[in-house]
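Residues per chain, in single letters:
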Amino acid sequence: MRVDYHALTQSIVALTAGETDEIALMATLACEIHHSDDRFDWTGFYRVTAPGLLKIGPYQGGHGCLVIPFDKGVCGAAARSETTQLVPDVNAFPGHIACASSTRSELVIPVFAARGLIGVLDIDSDRPDAFDAEDAKALETILASVFSDL
Ligand code: SME
């Protein structure tokens with residue numbers, strides 16, 4: 001099954017209407033996004049909990065590493081640069097952190113609230129080259145609609 005981003009956006013908007021708690025929102029998005037597409041084998045958030053530091057937030061899938069400094073991994077690169085990281089082959093990404101050895105490709109998108117960067121959304125796939133620019137753009141739009149005014 002491939003995600004229908006229009007339908008996913010509609011259900012996320014309906015489910016999160018009026019909610020302002022970041023953890024409640026992240027938990028709901030992790031669940032909705034994870035189950036929307038067979039390519040998504042791990043879906044979750046890392047939160048900025050101290051300057052230069054990400055800690056695990058709500059997620060779906062196998063266990064995730066608990067702590068990622070901004071100078072480590074794909075998540076750290078997304079947080080540090082505040083730009084989306086689309087990685088078709090994680091083995092070719094210097095410093096990639098392998099939480100699951102089955103992961104082959106990864107998409108990490110920075111999450112912004114009104115006060116600035118609050119974390120990243122990380123989606124891992126066991127398929128090589130699983131993600132494209134449409135995924136990045138649609139998920140960036142969903143994240144902005146949910147978090148940007150908080
Ligand atoms: N692979 C990520 C780490 C997080 S896990 O995959 C859940 C990275 O390199 O930042």
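Look up a bit, the structure's there.
About the thresholds
- Residues numbered from 1 in each chain as written.
- Predicted model: local features only at pLDDT ≥ 70, side-chain atom pairs only at ≥ 80, totals over all residues.
- Heavy atoms only, no water.
- Axes fitted to C-alpha atoms, helices over the stretch in contact; angles between N-to-C directions.
- Helix = DSSP H or I, 4+ residues; strand = E, 2+ residues; numbered from the N terminus.
- Parallel < 35°, antiparallel > 145°, perpendicular 65-115°, else oblique.
- Left-handed = near helix turned anticlockwise from the far one by under 90°.
- Contact = heavy atoms within 4.5 Å.
- Nonpolar A, V, L, I, M, F, W, Y, C, P; charged D, E, K, R; others polar.
- Salt bridge = Lys/Arg side-chain N within 4 Å of Asp/Glu carboxyl O.
- Buried < 20%, exposed > 50% of the residue type's maximum accessible area, 1.4 Å probe, protein only.
- Near = heavy atom within 4 Å.
- Polar contact = N/O pair within 3.5 Å; in protein donor to acceptor, adjacent residues only side chain to side chain.
- Areas by Shrake-Rupley, 256 points an atom, 1.4 Å probe, with all protein chains shown as cover.
- 1 Å grid on protein atoms, 1.4 Å probe; cavity = no way out; pocket = protein on both sides within 12 Å on 5 of 7 lines; lining within 4 Å.
- Sits in = over half its atoms within 2 Å of the grid points.
- Core = buried A, V, L, I, M, F, W, Y, C linked by side-chain atoms within 4.5 Å.

Draft legend 1. Looking closely at the packing of helix α1 (residues 5-16) against helix α4 (residues 133-147). At a closest axis distance of 11 Å, the pairing of α1 and α4 adopts a crossing angle of 15°. As far as their axial angle goes, α4 and α1 are roughly parallel. α4 is crossed by α1, and the crossing has right-handed handedness. Taking contact as the criterion, the partners of Tyr5, Leu8, Thr9, Ile12 and Thr16 in α1 are, on α4, Glu134, Asp135, Ala138, Leu139, Ile142 and Val146. Looking at the contact of α1 with α4 residue by residue, the classes come out as seven nonpolar, two polar and two charged.

Draft legend 2. Structural context of the pattern of salt bridges. Enumeration over the complete set of coordinates arrives at five salt bridges. Salt-bridge contacts for Arg2 lead to Asp132; the nearest nitrogen and oxygen are separated by 3.1 Å. One end of the pair, Arg2, is in the segment before α1; the other, Asp132, is in the loop between β6 (116-125) and α4, with 130 residues separating them in the sequence. A relative accessible area of 29% means that Asp132 is categorised as partly exposed.

Draft legend 3. Unusual backbone geometry, seen in detail. Although it is not a glycine, Glu82 sits at a positive phi angle of roughly 55°. Residue placement: Glu82 occurs in the loop between α3 (73-81) and β4 (85-87). Residue Glu82 is classed as partly exposed on the basis of its relative accessible area, which comes to 43%. Backbone geometry at Asp129 places phi at a positive 50°, although glycine is not the residue there. Counting through the fold element by element, Asp129 comes out in the loop between β6 and α4.

Draft legend 4. Highlighting the site of the ligand. Every residue lining the ligand is accounted for by Trp42, Tyr46, Ile68, Gly73, Val74, Cys75, His96, Ile97, Cys99, Glu106, Asp122 and Asp124. His96 places a side-chain nitrogen or oxygen 3.3 Å from a nitrogen atom of the ligand. For the ligand, whose unbound accessible area comes to 310 Å², protein coverage reaches 99%. Comparing atom positions with the cavity grids shows the ligand to sit within the largest pocket. Listing elements by their share of the shell around the ligand, those giving two or more residues are β1 (42-50), α3 and β6. Among the elements that take part in the shell around the ligand, α3 stands out by supplying three residues, more than any other. Across the shell around the ligand, the residue classes tally to seven nonpolar, two polar and three charged.

Draft legend 5. Just the nonpolar core, in detail. Within the largest apolar cluster, 27 residues are counted, with the highest numbers of intra-cluster contacts made by Tyr5, Leu29, Ile33, Phe45, Leu143 and Phe147. Those elements that provide at least two residues to this core are α1, α2 (22-34), β5 (105-113), β6 and α4. Looking at which element gives the most residues to this core, the answer is α4, with seven residues. Non-local contacts of Leu29, meaning those with residues more than four positions away in its chain, are made with Ile12, Thr16, His34, Phe45, Ile142, Leu143, Val146 and Phe147. Among the nonpolar cores identified, the runner-up in size contains 17 residues, and Leu54, Cys65, Cys75 and Ala77 belong to it.

Draft legend 6. Region of the structure containing the packing of α1 against α2. Close contact between α1 and α2 brings their axes to 11 Å; oriented N to C, the two are set at 150°. Here α1 is positioned roughly antiparallel relative to α2, judged by the angle of their axes. In this structure, the crossing between α1 and α2 has a hand that is right-handed. When α1 is examined against α2, the residues Leu8, Ser11, Ile12, Leu15 and Thr16 are found in contact with a partner set consisting of Leu25, Thr28, Leu29, Glu32 and Ile33. When its residues are assigned to classes, the contact of α1 with α2 shows six nonpolar, three polar and one charged.

Without other data, these values stay purely geometric and don't point to any function.
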